[in-house]
Amino acid sequence: MYQKEQFKKIKSDFPIFQRKIHKDQRLVYLDSAATSQKPELVIQAMDDFYRNSNANIHRGIHELAEEATRLYEDARLSIAKFLKVDDARQIIFTRNTTESINLAAKTWGSTFLQKDDLILLTRLEHHSNLVPWFMLKEAKNLRISFIEITPSGELDLEHYGALLEQKPKLVAFTHMSNVTGTINPAQTITKMAHEAGALVLIDGAQSVPHFPVNLTEIDADFYAFSAHKMCGPTGIGVLFGKYALLEQMPPFLGGGDMIRKVTYEGFTVNAIPYKFEAGTPSIAEGVGFGAAIDYLESIGMETIAEHEQELTHYAMQALKDEKGLNIVGPDAEKRGGVVSFSMDGIHPHDIAQILDADGIAVRAGHHCAMPLHQHFNLPATTRASLYLYNSEEDIDALVRGLAKVRKVFA
Amino acid sequence: MDDLYREQILDHYKNPRQKGQIKPSDHSFEDENPLCGDFLHIDLKTDGQGVISDAKFEGQGCAISMASADLLLESLIGKTIEDAKKLSKQDILDLLGIELSPVRLKCALLSLKVTKAAAYDLKEADDNLME
């Protein structure tokens, strides 16, 4: 159950909040959509791995190798359980969300898509769920259509329904936009796609860190996300894929660990998921990822989501009344903890720079979603994004900072 | 921060002296910095002897990029196209009179790139011009 008091202590789980910014400023970190901060627990798990358990995983016949393998594979089991996936073999480790989507495009996409096949994407997508499909489109002469969005940045499901009549082979969409914060109805979109005979890939980079995600219920065929946005380390991410699909797909990269047998004539592939995991993976990062899941579960994803909902309401309310400030995207109840905005006559770089002087970290630019900014006719926006360690004081600091910005440019 | 947004820079951002277009111009170029969504178009007019008689810009961007364009063009009037070709990163920094982080340096140097590309009558932008 959500208790506001509980969250007051959470900042102290994250060592970085002990440091000062520009000598004496408190860190007001509002850039978690780019990457989250890491709790002591995760840092310790990785430190402990290197100090006490370090070895390469799989096949080693010594205590350290067995221990390292167990720690790494335990993380896979934790992740499966976290997402309500019954068979952990469907959790493939990658470097990040981007690599996960590329893996799906390069293996499933290049094998099963033919000339003129249609892929549906949405206007909301991050470059990582656009460019891999553009590359595939060029290589295989595919077609891509975009599901339209409403002026407030929600998917137009009527338009989606109409596009489905063209029998797309794949629908790929973001579970939560990193610009507008829009949370898309993943289960409905997936069900509609399946009824039209299309497979579904979901970019979960912004969703898995922030609210409960049940992959069995959503029923997507592929689901991608990264550890570093959910209190875990950089360098490790996941592609979930349905087992039957993974079986039909060719391997991704070639090398050690992805093979069963190699001769001078050729090779046979290893079992799933190892077939897609060539070379020594990010082992310590896997261990850290497992620790991050444990940490998030110790608080509870429902609880985290509630805290962020409250803060998002608070932030939207506070920013709404600011003169000349325009928030992109839907109302607070339809979005996660991401608030992007523009200010009349002031470039986001200048806003971010002035906020930085007070220790406030926001992001300024197109947030890897250039087409979406073009769609909204904005060269760039300033984005404040929230996580479990943020508080109302952080939002208050942002509002005070924006007053300073306005003063400089008055 | 106070340094970055000192009076002179804000003044050139809010009240640009060289904003506008010159039609017809003798040398023109435009480019963008897609990372920031910045855009800059520069027109140069010469007196026939290679001396810059007027210089104007149109664009959108942050205070640093727009002020740097304004300061640079203002400083070029009365100089020659050959002088413009020889401009360096340091000239821009001297005009601005501030230190810049690597990201903000890109904002400031868009005007250098576009001005030199115009002076050289280039067809395409070249990042080497920002040195």
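Just so we're clear, the structure is a prediction, and the values are computed from it rather than from any experiment.

Re helix 6 (residues 157–164) of chain A
Residue and element names in this part refer to chain A.
Move 1: When helix 6 is considered as a whole, its buried residues turn out to be Tyr160, Leu163 and Leu164. For helix 6, the angular spread of the buried residues around the axis is 100°, confining them to a single face. Along helix 6, the residues that are exposed and aim more than 90 degrees away from the buried face are Glu158, Gly161 and Ala162.
Move 2: Residues of helix 6 that are buried make contact with strand 5 (118–122), strand 6 (143–147) and helix 7 (186–195).

Regarding the sheet that holds strand 14 (residues 338–343) of chain A
Whether parallel or antiparallel, the strands of a sheet pair through hydrogen bonds between backbone atoms.
Residues and elements named next belong to chain A.
Move 1: Taken together, 4 strands build an open sheet; the order of strands is 13-14-17-16 and the sheet is antiparallel. Here the strands that pair on one side only, and so sit at the sheet edges, are strand 13 (325–328) and strand 16 (363–365). Taken pair by pair, the neighbouring strands of this sheet meet at an average axis angle of 30°, ignoring direction.
Move 2: Judged from the 4 bridges that link them, strand 14 and strand 17 (residues 381–385) form a sheet pairing that is antiparallel. Bridge pairing in strand 17 places serine 340 opposite arginine 383.
Move 3: The sheet strands contacting helix 12 (residues 348–357) are strand 14, strand 16 and strand 17, and the helix crosses strand 16 at an angle near 160°.

Let's talk about the packing of helix 11 (residues 301–320) of chain A against helix 14 (residues 392–408) of chain A
All names here are of chain A.
Move 1: Packing of helix 11 against helix 14 brings their axes to within 10 Å, and their N-to-C directions diverge by 20°. Accordingly, the angle class assigned to the pair helix 11 and helix 14 is roughly parallel. Pair helix 11 / helix 14 crosses with right-handed handedness. Of helix 14, the residues touching helix 11 (which contributes Leu311, Tyr314, Ala315 and Ala318) are Glu392, Ile395 and Val399.
Move 2: Here the residues of the contact of helix 11 with helix 14 sort into 6 nonpolar, no polar and 1 charged.

What about the interface of chain B and chain A?
Much of the literature gives interface size as the accessible area that the parts lose upon coming together.
Move 1: In this assembly, 13 residues from chain B lie in contact with 13 residues from chain A.
Move 2: When grouped by side-chain class, the residues that make up the side of chain B that touches chain A number 10 nonpolar, 3 polar and no charged.

Topic: helix 11 of chain A
All names here are of chain A.
Move 1: In this model helix 11 runs 28 Å from its N-terminal to its C-terminal C-alpha over 20 residues, within 8% of the 28 Å that 1.5 Å per residue would give.
Move 2: For helix 11, the complete set of buried residues consists of Ile304, His307, Glu308, Leu311, Thr312, Ala315 and Met316. Angularly, the buried residues of helix 11 cover 165° about the axis, an arc narrow enough to put them on a single face. Opposite the buried face of helix 11, by more than 90 degrees, sit the exposed residues Glu302, Gln317 and Lys320.
Move 3: Elements that come into contact with the buried residues of helix 11 comprise helix 1 (4–8), helix 10 (283–299), strand 13, strand 14, strand 17 and helix 14.

Side note on the domain arrangement of chain A
Residues and elements named next belong to chain A.
Move 1: One can read the domain layout of chain A as domain 1 (4–30 + 300–408) and domain 2 (44–298).
Move 2: Between domain 1 and domain 2, the C-alpha centre-to-centre distance is 28 Å.
Move 3: Of the residues lining the interface, 23 residues belong to domain 1; the matching set on domain 2 comes to 23 residues.
Move 4: At the level of elements, helix 11, strand 14 and helix 13 (370–375) are the ones that each hand at least two residues to the side of domain 1 that touches domain 2.
Move 5: Across the side of domain 1 that touches domain 2, the residue classes break down as 11 nonpolar, 8 polar and 4 charged.

Definitions and limits used
Residues numbered from 1 in each chain as written. Chains lettered and ligands numbered in written order. Predicted model: local features only at pLDDT ≥ 70, side-chain atom pairs only at ≥ 80, totals over all residues. Buried ≥ 20, exposed ≤ 12 C-beta atoms within 10 Å, placed from the backbone. Helix = DSSP H or I, 4+ residues; strand = E, 2+ residues; numbered from the N terminus. Arc of directions from axis to C-beta. Contact = placed C-beta atoms within 7 Å. Pairing = 2+ DSSP bridges. Axes fitted to C-alpha atoms, helices over the stretch in contact; angles between N-to-C directions. Parallel < 35°, antiparallel > 145°, perpendicular 65-115°, else oblique. Left-handed = near helix turned anticlockwise from the far one by under 90°. Nonpolar A, V, L, I, M, F, W, Y, C, P; charged D, E, K, R; others polar. Expected span 1.5 Å × (residues − 1). Domains from an automatic or database assignment.

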